[in-house]
Amino acid sequence: MIGRAAGIGMNMRIAEGLEMLELTLGQGERAMTIHPVVLYDENAWVLIDTGMPGSEGLIRALVKQAGIPELPLQAIVLTHQDIDHIGGLPGFQASEPSPFEVYAHADDREAIDGKTPMIKFGPERASMLLPSLPDAVRISFENAFLHPTKPNVTRAMADGETLPFGGGLTVIHTPGHTPGHVCLYHHASKTLIAGDAMVAVGGELQGPRPQMTPELEQAYASLGKLKALDIETVICYHGGLARENVNASIEKLADRS
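None of these values were measured; they are calculated from a predicted model. (Residues numbered from 1 in each chain as written. Predicted model: local features only at pLDDT ≥ 70, side-chain atom pairs only at ≥ 80, totals over all residues. Heavy atoms only, no water.)

Brief notes about the packing of aromatic side chains
Inference 1: Counted under the stated rule, the structure contains 4 aromatic pairs.
Inference 2: Measuring from ring centre to ring centre gives 6.4 Å for Trp45 and Phe92, while their planes differ by 65°; the resulting arrangement is edge-to-face. Separated by 47 residues along the polypeptide, Trp45 in strand 5 (residues 45-48) and Phe92 in helix 3 (residues 89-95) bring together distant segments of the chain. With respect to burial, Trp45 and Phe92 carry one shared label: buried.
Inference 3: The rings of Phe121, Phe141 and Phe145 are connected pair by pair, giving a single aromatic cluster.
Inference 4: The side chain of Arg256 reaches across the aromatic face of Tyr220, ending 3.9 Å from its centre. (Phe/Tyr/Trp six-rings, centres within 6.5 Å; stacked < 30°, edge-to-face > 60°. Helix = DSSP H or I, 4+ residues; strand = E, 2+ residues; numbered from the N terminus. Buried < 20%, exposed > 50% of the residue type's maximum accessible area, 1.4 Å probe, protein only. Lys NZ or Arg CZ within 6 Å of the ring centre and 35° of its normal.)

Considerations on the pairing of strand 6 (residues 73-77)
The side chains of a regular strand alternate, first on one face of the sheet and then on the other.
Inference 1: Counting buried positions along strand 6 yields 4 of 5 residues, so the element is predominantly enclosed.
Inference 2: In the sheet, strand 5 pairs with strand 6 via 4 bridges, with the strands oriented parallel. Bridge pairing in strand 6 places Trp45 opposite Leu73.
Inference 3: What joins strand 5 to strand 6 is helix 1 (residues 56-65), and the crossover it makes is right-handed.
Inference 4: Bridging between strand 6 and strand 7 (residues 101-105) involves 3 bridges; their strand directions are parallel. Its bridge partner lying in strand 7, Ile76 is registered against Val102. (Pairing = 2+ DSSP bridges. Right-handed = clockwise from strand over helix to strand, strands pointing away.)

Brief notes about unusual backbone geometry
Inference 1: Even without glycine at this site, Asp49 takes up a positive phi of about 75°.
Inference 2: Mapped onto the fold, Asp49 is located in the loop between strand 5 and helix 1.
Inference 3: Its relative accessible area of 2% is what places Asp49 among the buried residues.
Inference 4: The backbone of Lys190 sits at a positive phi, close to 55°, despite the residue not being glycine.
Inference 5: Locating Lys190 in the fold gives a position in the loop between strand 11 (182-186) and strand 12 (191-195).
Inference 6: With relative accessibility at 29%, the residue Lys190 sits in the partly exposed group.

Remarks on the layout of surface pockets
Inference 1: Here the second largest pocket defines a volume of roughly 230 Å³.
Inference 2: Around the second largest pocket, the lining residues are Gln93, Pro99, Phe100, Val102, Asn143, Ala144, Pro148, Thr149, Lys150, Pro151, Asn152 and Thr154.
Inference 3: Among the residues making up the lining of the second largest pocket, the classes are represented as 6 nonpolar, 5 polar and 1 charged. (1 Å grid on protein atoms, 1.4 Å probe; cavity = no way out; pocket = protein on both sides within 12 Å on 5 of 7 lines; lining within 4 Å. Points joined across faces, edges and corners; volume = space filled by probe spheres on them. Nonpolar A, V, L, I, M, F, W, Y, C, P; charged D, E, K, R; others polar.)

Observations regarding the pattern of salt bridges
Inference 1: Throughout the structure, instances matching the rule amount to 13 salt bridges.
Inference 2: When the shortest N-O distance is used, the salt bridge between Asp159 and Lys225 registers 3.0 Å. In this pair, Asp159 is assigned in the loop between strand 8 (155-157) and strand 9 (162-163) and Lys225 in the loop between helix 7 (216-222) and strand 15 (233-236), connecting sequence segments 66 residues apart.
Inference 3: Here the salt bridges share partners, and the residues they tie into one network are Glu56, Arg60 and Glu96. (Salt bridge = Lys/Arg side-chain N within 4 Å of Asp/Glu carboxyl O.)

So, the state of the cysteines
Inference 1: Considering all chains together, one arrives at 0 disulfides under this definition.
Inference 2: With no disulfide of its own, Cys183 has Cys236 as its nearest cysteine by sulfur position, at a separation of 8.7 Å. (Disulfide = S-S within 2.5 Å.)

What to know about the environment of Leu73
Inference 1: Checked against the element boundaries, Leu73 lands in strand 6.
Inference 2: Taking the relative accessible area as the measure of exposure, Leu73 reaches 2% and is therefore buried.
Inference 3: Sequence separation between Leu73 and Pro134 is 61 residues, and the spatial gap between their C-alpha atoms is 25 Å.
Inference 4: The residues contacting Leu73, other than those within four sequence positions of it, are Trp45, Val46, Leu47, Phe92, Glu96, Pro99 and Phe100. (Contact = heavy atoms within 4.5 Å.)

A word on the environment of Leu58
Inference 1: Relative to the assigned elements, Leu58 resides in helix 1.
Inference 2: Distance in space between the C-alpha atoms of Leu58 and Pro97 is 18 Å, their sequence separation being 39 residues.

Concerning the sheet that holds strand 10 (residues 169-173)
Inference 1: Strand order across the open sheet formed by 6 strands is 9-10-11-12-15-16, with mixed pairing between neighbours. The two strands at the open ends of the sheet, each matched to only one other strand, are strand 9 and strand 16 (240-242).
Inference 2: In this structure, strand 11 lies alongside strand 12, joined through 3 bridges in antiparallel fashion. Across the sheet, residue Tyr185 finds its bridge partner in strand 12, namely Leu192.

Here it is in structure tokens:
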């Protein structure tokens, strides 16, 4: 189990106004590398997924390292409810001087709001993770997700909706990994932000991790919704970039179902 979010990171410019971050959290066998995404313009920035609890400081450092000006955070978009995607949210809620929107699909909204348990973060996992966190991080996590006094999600995303970020970011509901998992298609750069719908291994796309995907067949079937898109780049939260034959790879994975 990875506790503290302290780690190392780097960033990569995918296209104008689109940055992929790379964070390695933990150490040795407990290390995990993740790839949140930042969209930005001259007025504000948008973060897609927030890392583990305590990741906020490292994400902000990487945004600064990327040369992105210190701008207001306009929104956080959550691809799904898993803790390595939503865990850093309380840090941003505490540190951002102005309110920002938090987007998630309706089918994961109650878990992110703390109204129902996260499907992959039960009591056993919580008892392993929470004591390893610094007190301030643990308390903010518990207040946001275990004993909430207000919702975390301010906007529910719908399948096919185009969010007004980066010139247009279309939501594709891809359930299976979680009920409300979504992928996001950035039209301007033809980039698919895949969340955990797929992983990249050596630059090649593979299906979702079976051990972390409760409805595996549904997850593969959901990939069929991506076949109509003209995709040049895929950003997987685990594994990072894939750019070679991605449309053919997606079609092959979807047809597995």
